[in-house]
Amino acid sequence: MTQQFRIALLSGDGIGPEIMAVAVDVLKRIGQKFDLQFDFEDAMIGGAAIDQAGTPLPEETLETCRQSDAVLLAAIGGYKWDTQPRHLRPETGLLGLRAGLGLFANLRPAIILPQLIDASSLKREVVEGVDIMVVRELTGGVYFGEPKGIFATESGEKRGVNTMAYSVSEIDRIGRVAFEAAQKRSGKLCSVDKANVLEVSQLWRDRITALAADYPTVELSHLYVDNAAMQLLRWPKQFDTIVTGNLFGDILSDAAAMLTGSIGMLPSASLGEGGPGVFEPVHGSAPDIAGQDKANPLAQVLSAAMLLRYGLDQATAADQLEQSVLQVLDQGYRTPDIMSEGMLQVGCRAMGEALLKTLD
Ligand code: NAD
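For clarity, every value in this text was computed on a predicted model and none was experimentally measured.

Procedures and definitions
Residues numbered from 1 in each chain as written. Predicted model: local features only at pLDDT ≥ 70, side-chain atom pairs only at ≥ 80, totals over all residues. Heavy atoms only, no water. Helix = DSSP H or I, 4+ residues; strand = E, 2+ residues; numbered from the N terminus. Rg over C-alpha atoms; globule rule 2.2 N^0.38 Å. Areas by Shrake-Rupley, 256 points an atom, 1.4 Å probe, with all protein chains shown as cover. Lys, Arg positive; Asp, Glu negative; His and termini not counted. Charge placed at Lys NZ, Arg CZ, Asp CG, Glu CD. Polar contact = N/O pair within 3.5 Å; in protein donor to acceptor, adjacent residues only side chain to side chain. Near = heavy atom within 4 Å. Nonpolar A, V, L, I, M, F, W, Y, C, P; charged D, E, K, R; others polar. Phe/Tyr/Trp six-rings, centres within 6.5 Å; stacked < 30°, edge-to-face > 60°. Buried < 20%, exposed > 50% of the residue type's maximum accessible area, 1.4 Å probe, protein only. Lys NZ or Arg CZ within 6 Å of the ring centre and 35° of its normal. Contact = heavy atoms within 4.5 Å. Core = buried A, V, L, I, M, F, W, Y, C linked by side-chain atoms within 4.5 Å. Domains from an automatic or database assignment. Pairing = 2+ DSSP bridges. Right-handed = clockwise from strand over helix to strand, strands pointing away. Axes fitted to C-alpha atoms, helices over the stretch in contact; angles between N-to-C directions. Parallel < 35°, antiparallel > 145°, perpendicular 65-115°, else oblique. Left-handed = near helix turned anticlockwise from the far one by under 90°. Expected span 1.5 Å × (residues − 1). Arc of directions from axis to C-beta.

Chemist: Lay out the overall build of the chain with the relevant residues and their values.
Modeler: Within the chain, the secondary structure is distributed over twelve helices and 14 strands. The C-alpha radius of gyration computed for the chain amounts to 21 Å, which stays within 12% of the reference 21 Å derived for 360 residues, consistent with globular compactness. Counting only C-alpha atoms, the chain reaches 65 × 50 × 45 Å along its principal axes. Working note: accessible area of the chain is about 16200 Å², and carbon and sulfur atoms make up 51% of it. The averaged location of the 46 negative side-chain charges in the chain is 3 Å from the averaged location of its 31 positive side-chain charges.

Chemist: Can you break down the environment of Q67 residue by residue, with the values?
Modeler: Inspection of the secondary structure assignment puts Q67 in the loop between helix 3 (59-66) and strand 3 (70-75). In this structure the C-alpha to C-alpha distance between Q67 and G275, which are 208 residues apart in sequence, comes to 8.9 Å. Looking at Q67, its side chain comes within polar contact range of the side chain of E63, at 2.7 Å.

Chemist: Let's hear about the site of the ligand: which residues, and what values?
Modeler: E91, G284, A286, D288 and N296 are the nearest of the 19 residues found near the ligand. Within the backbone of A286, a nitrogen or oxygen atom sits 2.8 Å from an oxygen atom of the ligand. In the complex, the protein chains occlude 69% of the 800 Å² of accessible area that the ligand would expose alone. Split into classes, the residues belonging to the shell around the ligand amount to nine nonpolar, six polar and four charged.

Chemist: Go over the packing of aromatic side chains, please, and point to the residues and values.
Modeler: By convention here, two paired aromatic rings are described through the distance between centres and the angle between planes. Applying the stated criterion across every chain yields a total of four aromatic pairs. Each ring, one from F38 and one from F40, has its centre 5.9 Å from the other, and the planes form 40°; the classification is tilted. With relative accessibility at 25%, the residue F40 sits in the partly exposed group. The residue whose ring lies beneath R173 is F104, and the NZ or CZ to ring-centre distance is 4.2 Å.

Chemist: Explain the environment of L10 to me, and be specific about the residues and the numbers.
Modeler: Along the polypeptide, L10 turns up in strand 1 (residues 3-12). Classification of L10 as buried rests on a relative accessible area of 0%. Residues L10 and C65 lie 55 residues apart in sequence; the distance between their C-alpha atoms is 9.1 Å. Filtering out sequence-adjacent residues up to four positions away, L10 remains in contact with M20, A43, I45, T61, C65, V71, L72, L73, A74 and L97.

Chemist: Which residues make up the nonpolar core, and what values go with them?
Modeler: Counting 69 residues, the largest nonpolar core has I7, L72, L107, M265, F279, L308 and L321 as the members making the most contacts within it. Residue-level mapping places this core at the junction of two domains, with at least three residues from each of domain 1 (1-102 + 271-360) and domain 2 (131-258). When residues no more than four places from it in sequence are discounted, the contact partners of F279 are A70, V71, L72, L73, S268, A269, L271, S303, M306, L307, Y310 and G311. Core analysis: the second largest hydrophobic core is formed by 20 residues, A110, A228, L232 and F239 among them.

Chemist: Please set out the pairing of strand 1 residue by residue, giving values where relevant.
Modeler: Side-chain direction in a regular strand flips from residue to residue, so the side chains alternate between the two faces of the sheet. The buried fraction of strand 1 is high, at seven of ten residues. The pairing of strand 1 with strand 2 (residues 36-42) spans seven bridges and is classified as parallel. Looking at the pairing, L9 lines up with D42 of strand 2. Regarding topology, helix 1 (residues 16-34) serves as the crossover connection from strand 1 to the parallel strand 2, and that connection is right-handed.

Chemist: Which residues make up the packing of helix 1 against helix 10 (residues 298-311), and what values do they have?
Modeler: Between helix 1 and helix 10, the least distance of the axes is 8 Å, while the angle of their chain directions is 45°. Accordingly, the angle class assigned to the pair helix 1 and helix 10 is oblique. Relative to helix 10, helix 1 is oriented so that their crossing is right-handed. Where helix 1 approaches helix 10, its residues I19, M20, V22, A23, V26, L27 and I30 are matched on the opposing element by Q300, V301, A304 and L308. Partitioned by chemical class, the residues of the contact of helix 1 with helix 10 number ten nonpolar, one polar and no charged.

Chemist: Tell me about helix 9 (residues 246-258), and name the residues and values.
Modeler: Taking 1.5 Å as the rise per residue, helix 9 with 13 residues should run 18 Å; its terminal C-alpha atoms sit 18 Å apart, in good agreement. Residues of helix 9 that are buried include every one of N246, F248, G249, L252, S253, A256 and A257, and no others. Each buried residue of helix 9 lies within a common arc of 150° when the element is viewed along its axis, so the set occupies one face. Packed against the buried residues of helix 9 are strand 4 (105-111), strand 5 (131-137), strand 8 (188-193), helix 7 (199-211), helix 8 (225-234) and strand 10 (241-244).

Chemist: Now, about unusual backbone geometry: what can you tell me, with residues and values included?
Modeler: The peptide bond linking E146 to P147 adopts the cis configuration, its omega dihedral lying at 0°. For P147, the location among the structural elements is in the loop between strand 5 and strand 6 (149-152). Of note in this structure, D35 is not a glycine but carries a positive phi near 60°. Here D35 is to be found in the loop between helix 1 and strand 2.

Chemist: Describe the sheet that holds strand 12 (residues 277-281), and please don't skip the residues or the numbers.
Modeler: Read from one edge to the other, the open sheet built from ten strands follows the order 2-1-3-12-11-4-5-10-8-9, with strand pairing classed as mixed. Strands at the two margins of the open sheet, each flanked by one partner only, are strand 2 and strand 9 (219-224). Averaged over all pairs of adjacent strands, the angle between strand axes in this sheet comes to 25°, irrespective of strand direction. Inspection of the sheet shows strand 8 paired to strand 9 by six bridges, in the parallel sense. Residue pairing for strand 9: S191 is matched across the bridge by H222. Running over the sheet, helix 6 (residues 168-184) touches strand 4, strand 5, strand 8, strand 9 and strand 10 and is turned about 165° from strand 5.

Shown next, in the form of structure tokens:
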């Protein structure tokens, strides 16, 4: 029986529309193969929305997303809007979307593809086979804790304050997302904190340890964040799934991503409680190459695969889409950002056509 899904498409700015077009084509083809019907609905966000509607996140866009089963986002931003006041900046639209959908969990895989191993700045034997998932808490911790601000002390000196705080419910809900992700992967979860110094981290560690009882097939370990940073660079293959708070996750997910060396290949997922998740590449809108058919659409396509896996629970279709990305790389197709000697350089559209051929 055909399964039906509503997908909101937020193409945004810069290379966004180009890479989105490729992702939509491959999703349609995947739909035909797996008896899935996707009803796509376009909505405005970022600079494009500022230009057309005077705000980076029009209310209709949020409503379209809320009514959907999943949201596929490309990228927002560009030089044109860089000097606008904060409420008229493309990034404000992105933050509003995350808040509006209650997206508290950010999943960022860092996978070293054998075909692109030389793009990494680390030695082949260190990175070969790396396949890590960083699960970062997205709506709590030091970025949101109160009190925060720059205050004057009694002596009149200025003092900057932020507060790192996590409640049990906040830790538990991100913990469960991470245990479930680890279950779907190889069953190893490493929780990263700073429990030797921070009370907030001690509570984090206690709760994650307590949750482990509900996930007997997952092997749990703990690391302090300074050690985790070292271990990521020393021997990344020891990690499978990592769970951590907002600040540590911000830094560690970028470090893990850069093990791969290629920003045009990295997808991400942001999930909430029950409602639709947002699936988007890690990279920005690349205004320097926009409209030139030079963009690498593979991070967008891999984001669509995450949408199938984590947003719609269609693991087999997700596997197939990820396989097709490996196949086009095996066939030697490369966009300029991942080009190397002896390979076949193609543009964004031709990469999309190559993907469709492998899906046939
Ligand atoms: P960027 O990721 O857009 O670009 C960095 C470099 O990587 C550029 O040289 C670009 O050409 C290249 N690149 C990025 N994605 C690529 C792809 N798919 N294929 C080929 N090359 C690619 O980062 P930036 O230049 O710092 O930011 C540009 C704009 O994007 C800014 O307005 C920024 O605020 C915004 N941005 C948006 C997001 C998002 O939408 N989530 C994330 C980061 C930056």
